[in-house]
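Here's the letter readout for the chains.
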Amino acid sequence: MNIERPSESWDDYQLIDSGGFEKLERFGRFTMIRPEPKALWDKALTEGEWKRRAQTAFTPGAGFSKAGKEDSGVWTMLGRMQEQWNIAYRLPAAPDFLSECNGAELRLRLGLTAFKHVGVFPEQAPNWDFIYRQVARLRANNMKMGVAQPPRVLNLFAYTGAASLAARAAGADVTHLDSVRQVVTWARHNMEISSLDGIRWTIDDALKYVTRQVRRGASFDGIILDPPAYGRGPDGERWKLDECLNDILKGCAHILAPMNSFLVLNLYSNGYSAMLADTLVACAFGPAGRRTSGELVLKDDYGRILPLSVYTRLER
């Protein structure tokens, strides 16, 4: 099993300390305190030092830990900061596949939301790198076969779009799908400030969308899935990961091209393991291709490793 984390050269993100069910993080110019259920150990720094360094702290509300409201709460200002600001992320070059894919800088707008999130999940950076390289690989293979059209990539549960931007920066034809209109608007802004264009925006329920694509005989060269544990579609459709994940993966197996393609499955739910993700993908997609699985983690300045999600990737 692989353990991956963002490069230490990423200047705009830092996990300073963790522990006591919280994490002290810096995003660009601003440092914050957020809940983290997996930080079971003691903090390295004192409470006073945390508050001295942070400009804001998230306080869970009464609904915290209840289904659908587990992340709700309020931000308490501890210093001066902006409600919105930008950070940058530099994708690594992929010249071994395509010389023109020499890296790209993504720009991401961050903001304080009522659900403890700020618009980016930094541990996902290794997935963004993988997606960028995979699109470069697919494009290079297409050129060898005389195929002019770019790889088609579908990003389901796409949130504010960092994975969509990584695919588009490498030259993919990207469909970005999320069920929340405001989040899609946020993703579009990220595309614009990253000097990209051409992403196709779709507001829909992921399972319904995939089911329609199966009926239409659609085909994609890359599929990205980063589903929440539960949620609602644009028309109030109820999403519960345990009940829907297998069905959506089986649908994706029908629309993922059998050759020259890739898949990324990322799972956050507590209790889900990399082996579980690997077994799900193996059962849905069959033995063809190369699968790799592992955990995405963050490492604080005191050497503690914070595991945050599990993934399985498929390359054909």
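This text follows the structure it describes.
For clarity, every value in this text was computed on a predicted model and none was experimentally measured. Counting starts from 1 at the beginning of each chain's written sequence and moves along it residue by residue. This being a predicted model, a pLDDT of at least 70 is required before a residue's local features are given, and a value of 80 or more before pairs of side-chain atoms are given or counted; all residues contribute to the totals for chains, interfaces and linings. Where side-chain values are given, they derive from all heavy atoms of the structure, hydrogens and water being excluded.

To continue, consider the pairing of strand 16 (residues 290–299). Two strands form a pair only when DSSP identifies at least two bridges running between them. Runs of H or I in DSSP of at least four residues are treated as helices and runs of E of at least two as strands, each being numbered from the N terminus. With three bridges joining them, strand 1 (residues 2–4) and strand 16 adopt parallel strand pairing. Paired with isoleucine 3 across the strands is glutamate 295, a residue of strand 16. Taken together, the ten bridges between strand 16 and strand 17 (residues 305–315) define a ladder with antiparallel strand orientation. Paired with arginine 290 across the two strands is glutamate 315, which belongs to strand 17.

Take the state of the cysteines next. By definition, a disulfide links the sulfur atoms of two cysteine residues through a covalent bond. Note that a disulfide, as used here, is simply two cysteine sulfur atoms within 2.5 Å. By the definition in use, this model includes zero disulfides. Left unpaired, cysteine 283 is separated from the closest cysteine sulfur, that of cysteine 252, by 15 Å.

Turning our eyes to something else, we now look at the packing of aromatic side chains. Aromatic ring pairs are described here by two measures, namely the spacing of the ring centres and the angle between the planes. Between rings of Phe, Tyr and Trp, where Trp is taken as its six-membered ring, a pair exists when centres lie within 6.5 Å; planes separated by under 30 degrees are stacked, by over 60 edge-to-face, and by other angles tilted. Within the structure shown, the criterion is met by ten aromatic pairs. Where phenylalanine 30 meets tryptophan 85, the ring centres are 5.2 Å apart and the plane angle is 80 degrees; that geometry is what we call edge-to-face. Here tryptophan 85 lies in strand 7 (residues 84–90) and phenylalanine 30 lies in strand 4 (residues 30–35), a separation of 55 residues in the sequence. Remark: exposure states derive from per-residue accessible area (1.4 Å probe, protein chains only) relative to the maximum for the residue type, with buried under 20%, exposed over 50%, and partly exposed in between. Residue phenylalanine 30 is classed as buried on the basis of its relative accessible area, which comes to 7%. Considering the side-chain rings of phenylalanine 121 and tyrosine 268, the 5.4 Å spacing of their centres and the 45 degrees angle between planes classify their relative orientation as tilted.

Let us look at the packing of helix 5 (residues 206–216) against helix 6 (residues 241–255). A fitted line through C-alpha atoms serves as each axis, taken over the contacting stretch for helices, and the angle formed by two N-to-C directions is quoted from 0 to 180°. At their nearest, the axes of helix 5 and helix 6 sit 9 Å apart, and the two run at 35 degrees to each other. By crossing handedness, the relation of helix 5 to helix 6 is classed as left-handed. Contacts between helix 5 and helix 6 involve Ala206, Leu207, Val210, Gln213 and Val214 from the former and Asp247, Ile248, Gly251, Cys252, His254 and Ile255 from the latter. Classes in brief: Ala, Val, Leu, Ile, Met, Phe, Trp, Tyr, Cys and Pro nonpolar; Asp, Glu, Lys and Arg charged; the others, Gly included, polar. Here the contact of helix 5 with helix 6 is built from residues that sort into seven nonpolar, three polar and one charged. Crossing handedness follows the turn of the near helix against the far one: under a right angle anticlockwise gives a left-handed crossing, and clockwise gives a right-handed one. A contact between two residues is defined here by any heavy atoms of the two lying within 4.5 Å.

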